[in-house]
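This is what each chain is made of:
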Amino acid sequence: MPADLYRSPIPEPFWERIRNEYGLPTLEQVHERLSAVQEDPKPVMRQLLRVFVGEGAYCPGFQFRPDLSLDPVVAELFDRAMELRIPHNYFALWMMVPSPALQGRRPVDLRNRCAASTLVAALERAFTSMAA
């Protein structure tokens, strides 16, 4: 994995990969869907991972459960990413690329298979080693 991966612009094919694998609805589409199933979608909207591509804001589908609730592991990871001041787009990238700290597996594939603490430690390792 290139050392400057989290400093370089993210190429458009990456966003297509998320769109094809998990969905990448616009922020407006997510608000509309949540409004249809929740009386007040504002609390969920405040917790969303948003990525910024071109002029639009999108919400990677890997953060949602089938009922549109937030995946608790992704939410915990994203909270930690915000504490570490990791930009949203680079957090999404980290979720989708193989991680050396996870034996070459993608965090997105492990979100329902291992403890959140394992993924949080991998996230911290990836971004604290980058800052060093």
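So, here is what we can say about the structure in this document. (Residues numbered from 1 in each chain as written. Predicted model: local features only at pLDDT ≥ 70, side-chain atom pairs only at ≥ 80, totals over all residues. Heavy atoms only, no water.)

1. Here we look at the overall build of the protein
In terms of helices and strands, the protein carries seven helices and two strands. Sequence-ordered secondary structure for the protein, helices as α and strands as β, is α-α-α-β-β-α-α-α-α. A globule of 132 residues ought to have a C-alpha radius of gyration of about 14 Å, and the protein, at 14 Å, matches this closely. Dimensions of the protein, computed from the C-alpha atoms along their principal axes, are close to 45 × 30 × 25 Å. Across the 132 residues in the protein, those meeting the buried criterion constitute 45%. (Helix = DSSP H or I, 4+ residues; strand = E, 2+ residues; numbered from the N terminus. Rg over C-alpha atoms; globule rule 2.2 N^0.38 Å. Buried < 20%, exposed > 50% of the residue type's maximum accessible area, 1.4 Å probe, protein only.)

2. Here we look at the environment of Val120
Along the chain, Val120 falls in helix α7 (residues 116-131). Measuring from C-alpha to C-alpha, the distance between Val120 and Pro107 comes to 9.7 Å, with 13 residues separating the pair along the chain. Discounting residues that sit within four places of it in the chain, Val120 has contacts with Glu76, Leu77 and Arg80. (Contact = heavy atoms within 4.5 Å.)

3. A look at the nonpolar core
The biggest cluster of nonpolar side chains holds 35 residues, and the ones touching the most others in it are Trp15, Phe62, Leu77, Phe91 and Trp94. Secondary-structure elements contributing two or more residues to this core are α1 (12-21), β1 (51-53), α4 (72-83), α5 (88-96), α6 (107-110) and α7. The element that contributes the greatest number of residues to this core is α5, accounting for seven residues. Ignoring sequence-local partners within four residues, the contact set of Trp94 consists of Tyr6, Leu77, Ser99, Pro107, Leu119, Ala122, Leu123, Ala126 and Phe127. Grouped together as the second largest cluster of nonpolar side chains are 10 residues, Val30, Leu34, Met45 and Cys59 included. (Core = buried A, V, L, I, M, F, W, Y, C linked by side-chain atoms within 4.5 Å.)

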